[in-house]
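# Per-entry structural report
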Amino acid sequence: MSNIGIFHYKVGGTDGVSLEINKWKKILEELGHKVFLCAGHLGGAQGTLIREMYHHTPEAERLNLNTFKSLSNFSDNTEYASALEDLSIRIEKKLNKFIEENKISLLIPNNIWSVGANPAAAVALTRSLRKYGLPALAHHHDFYYERLDGLALTCHMAIELADKYLPPRDVQIKHIVINKIAQKELLERKGIASTVVPNVFNFNGRSWEPDDYNKDFLSQIGLGRNDVVILQSVRLVPRKGVELAIDLVCALNKPKRRAKLKEHGLYDGRTFEDASRIVLVLAGYAEDDLTGGYIDALKEKIRRTGVDALFIEDKIENSRSFDGVKKKYSLWDSYVFADFVIYSSLWEGWGNQLLEAVYARLPTVIFEYPVYLSDIKDKNFRFISLGSRIFGKDDLGLAYLDKQTIETSADRIIEYLIDNDLRKKDTEYNYSIGKKHYSYTSLHRYLENLI
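On a predicted model such as this, the values are computed, not experimentally measured, just so you know. (Residues numbered from 1 in each chain as written. Predicted model: local features only at pLDDT ≥ 70, side-chain atom pairs only at ≥ 80, totals over all residues. Heavy atoms only, no water.)

## Some details on the overall build of the protein chain
To be explicit about the condition: The helix count covers DSSP runs of H or I at least four residues long, the strand count covers runs of E at least two residues long, and both are numbered beginning at the N terminus. Under this rule, positive means Lys or Arg and negative means Asp or Glu; His and the chain ends count for nothing. Every charge is mapped onto a representative atom, which is NZ of Lys, CZ of Arg, CG of Asp or CD of Glu.
Of the regular secondary structure elements, the protein chain holds 16 helices and 18 strands. Expressed along its principal axes, the backbone C-alpha trace of the protein chain runs to roughly 70 × 50 × 50 Å. Separation of charge centres in the protein chain, based on 61 positive and 61 negative side chains, amounts to 2 Å.

Set out below in structure tokens:
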């Protein structure tokens, strides 16, 4: 059995990579290995903290910008290379100490060798791997060249960095990607073969239900029992297409649809009254928005449309916590009280929150992002589809769909909000499909074979 080091910029969060790390750690420990986490931010997890690895330090963000956008903070290639080298050396020293102290015999980096959010961490970890002659399973969730906001390797050193370290070519490294598109592109761009391991979920776990801890969730976020919760749990970054959810909730609030809810009542016997609210609840965090303007654009769209929206990031963590003053709920608690899920991502490496909605037995509307089309659609889940093409972008730079798609989808959502038989039939069917294809049993088999 091995002592395994899992590395990422951050762990213990509600982002998809942190959640997948938790799953891998659990399965690896079930296989008999000892697992040690190492990251630049630990969140609610136990592990070794190397602050310089975090991708949201000013130093890392500056290198990220000057690698992939513009060489605006350094006078030339030499000055940029010097800054990269300086941070790489500092990270490498601490990585080496972590490897030696924990007798690490296998490395599992997550995104450090692919997305390049902290370029120096990629260099440092490659050097540590080679210094100790260690094998690695490189787990790539996203790649730098998949950025939707544009890419421009800025200088000779940036080009060399991307070629040598994102990811590195080494016989000691097995590369893991999470979808077929990434597998194909990694081979074409870098000549690197890889294995597809999809996101999974523990379909044999405990169901998420109301309990003594979360029973006040709705009141704590300012909602009542007869309000309708439309949940979007993804991070608030441009590729998540949160603006499409605003359009849908706006359509749901039209008088004819509210009248239908009032006439029939809700699927679980609740009444829908004149004072009842249909609310878009945004449980994801905004920290990774490197554009700096996406949240403001969303808030302006919310103001213009009059949509009832709640940003509850400050009340959500990876796991429950209470410090005697401030109570934090887990991401899973938000699903307990949701009536419907909107998953409107324009691009996903795979789609963690989609599986969460399936596991929670919640009806879901989706935008058919490329990886959904290539890897998931053939499983025949029963989702409401927004199609796979945006219609354009508005003056705020936000994506929008044609009006008929929004109107038709809103009508279908109303059906799931009033018809309990339809709701149960389709969500139970989706659960069975998810359990068949994306369970921990599948991940257990993948990891056992890879290691």
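## Things to note about the nonpolar core
The criterion, for reference: We call a set of buried Ala, Val, Leu, Ile, Met, Phe, Trp, Tyr and Cys residues a nonpolar core when their side-chain atoms join them within 4.5 Å. Burial status follows relative accessibility: with a 1.4 Å probe on protein chains alone, a residue under 20% of its type maximum counts as buried, one over 50% as exposed, and anything between as partly exposed. In this analysis, two residues are considered to be in contact whenever any of their non-hydrogen atoms come within 4.5 Å of each other.
Ile 230, Ile 278, Leu 280, Phe 340, Val 365, Tyr 369 and Ile 413 are the most contacted members of the largest nonpolar core, which has 62 residues in total. Here this core takes eight residues from helix H8 (residues 242–252), the largest share from any one element. Setting aside its immediate chain neighbours within four residues, Ile 278 contacts Val 228, Ile 230, Val 249, Leu 252, Asn 253, Arg 258, Leu 261, Phe 272 and Asp 308. The next biggest cluster of nonpolar side chains, apart from the first, holds 49 residues, and it includes Phe 74, Ile 104, Val 123 and Tyr 145.

## Remarks on the packing of aromatic side chains
Inclusion rule: To pair, rings of Phe, Tyr and Trp, with the six-membered ring standing in for Trp, must have centres within 6.5 Å; the planes then decide the type, stacked if under 30 degrees apart, edge-to-face if over 60, and tilted in the middle.
Scanning the entire structure with this criterion turns up 25 aromatic pairs. An angle of 10 degrees between the planes, with centres 5.2 Å apart, marks the rings of Phe 143 and Tyr 145 as stacked. Given a relative accessible area of 2%, Phe 143 falls into the buried group. For Tyr 145, a relative accessible area of 9% translates into the label buried.

## Let's talk about helix H6 (residues 180–190)
Where we set the bar: Taken from the helix axis, the directions to the C-beta atoms give the arc we talk about. The term polar contact refers here to a pair of N or O atoms within 3.5 Å; inside protein, the definition further demands a hydrogen-donor-capable atom paired with an acceptor-capable atom, and it admits residues adjacent in sequence only when both atoms are side-chain atoms.
For H6, every residue scored as buried is listed here: Ala 182, Leu 186 and Lys 190. Within H6, the buried residues cover an arc of 35 degrees as seen down the axis, which keeps them to one side. Those residues of H6 that are exposed and aimed more than 90 degrees away from the buried face are Lys 184 and Glu 188. On its buried face, H6 is in contact with strand E5 (136–140), helix H5 (156–165) and strand E6 (173–177). Two to three positions downstream of the cap, the backbone nitrogen of Ile 181 sits 3.0 Å from a side-chain oxygen, assigning the N-cap of H6 to Asn 179. One or two steps after H6, the chain reaches Gly 191, where phi turns positive at roughly 70 degrees.

## As for the pairing of strand E8 (residues 228–232)
Rules: Strands qualify as paired when DSSP identifies two bridges or more between them.
Along E8, five of the five residues are buried, which leaves the element largely enclosed by surrounding structure. Residues Val 228, Ile 230 and Gln 232 of E8 are buried on one face, and the alternating residues Val 229 and Leu 231, pointing to the opposite face, are buried as well. As paired elements, E8 and strand E9 (residues 278–282) share five bridges and run parallel to each other. Each residue of the ladder has a partner; that of Ile 230, found in E9, is Leu 280. Across two bridges, the pairing between E8 and strand E14 (residues 340–343) is parallel. Note that in E14 the partner of Ile 230 across the bridge is Phe 340.

## Topic: the sheet that holds strand E12 (residues 321–322)
Spatial ordering of the open sheet is given by E11-E13-E12, a layout of three strands whose pairing is mixed. Each of the sheet's edge strands pairs with one partner strand only, and the pair in question is strand E11 (316–317) and E12. One ladder, built from two bridges, connects E12 with strand E13 (residues 327–330); its direction is antiparallel. Bridge assignment links Ser 321 to a residue of E13, and that residue is Lys 328.

## Here's the deal with the layout of surface pockets
Counted only if it meets this: Points on a 1 Å grid, built from protein atoms alone, make a cavity when a 1.4 Å probe fits but cannot get out and make a pocket when they are open with protein on both sides within 12 Å along at least 5 of 7 lines; residues with an atom within 4 Å of a point are the lining residues. Grid points are joined across faces, edges and corners, and a volume is the space filled by probe spheres set on the points. Three categories are distinguished: nonpolar for Ala, Val, Leu, Ile, Met, Phe, Trp, Tyr, Cys and Pro, charged for Asp, Glu, Lys and Arg, and polar for the others, with Gly belonging to the last.
Taken as a whole, the second largest pocket encloses approximately 530 Å³ of empty space. Together, 21 residues line the second largest pocket, and Tyr 267, Val 336, Ala 360, Arg 361 and Leu 362 are the ones closest to its centre. The greatest single-element share of the lining of the second largest pocket, amounting to five residues, is contributed by helix H15 (residues 420–437). For the lining of the second largest pocket, the class distribution of residues is eleven nonpolar, three polar and seven charged.

## So, the pattern of salt bridges
So the rule is basically this: Any carboxyl oxygen of Asp or Glu within 4 Å of a side-chain nitrogen of Lys or Arg constitutes a salt bridge here.
Taken as a whole and judged by the stated rule, the model has 37 salt bridges. The partner of Lys 94 in a salt bridge is Glu 52, with the nearest N and O atoms 3.0 Å apart. In this pair, Lys 94 is assigned in helix H3 (residues 77–101) and Glu 52 in the loop between strand E3 (48–49) and helix H2 (58–68), connecting sequence segments 42 residues apart. The class of Glu 52 is buried, set by a relative accessible area of 17%. Salt-bridge contacts for Arg 382 lead to Asp 426; the nearest nitrogen and oxygen are separated by 3.2 Å. You can see Arg 382 sitting in the loop between helix H13 (370–376) and strand E16 (384–385) and its partner Asp 426 sitting in helix H15, a full 44 residues away along the chain. Judged by its relative accessible area of 35%, Arg 382 is partly exposed.

## Points about H3
Definition in use: Helix span is expected to be 1.5 Å times the residue number reduced by one.
Relative to the 36 Å expected for 25 residues at 1.5 Å per residue, H3 spans 36 Å between its end C-alpha atoms, a close match to the ideal helical length. Regarding H3, the residues found buried are Tyr 80, Ala 81, Leu 84, Leu 87, Ser 88, Ile 91, Glu 92, Leu 95, Asn 96, Phe 98 and Ile 99. Where H3 begins, the capping side chain belongs to Asp 76, and its oxygen is found 3.2 Å from the backbone nitrogen of Thr 78. Downstream of H3 by one or two residues, Lys 103 has phi in the positive range, about 50 degrees.

## As for unusual backbone geometry
The omega torsion across Leu 166 and Pro 167 is -5 degrees, close enough to zero to call that bond cis. Tracing the backbone through its elements, the reader meets Pro 167 in the loop between H5 and E6. Residues other than glycine seldom take positive phi values, yet Lys 103 does so here, at roughly 50 degrees. Mapped onto the secondary structure, Lys 103 falls in the loop between H3 and strand E4 (106–109). Even without being glycine, Asn 380 reaches a positive phi, approximately 65 degrees. Considering the arrangement of structural elements, one finds Asn 380 in the loop between H13 and E16.

Remember, this is a structural readout, not a statement about activity or role.
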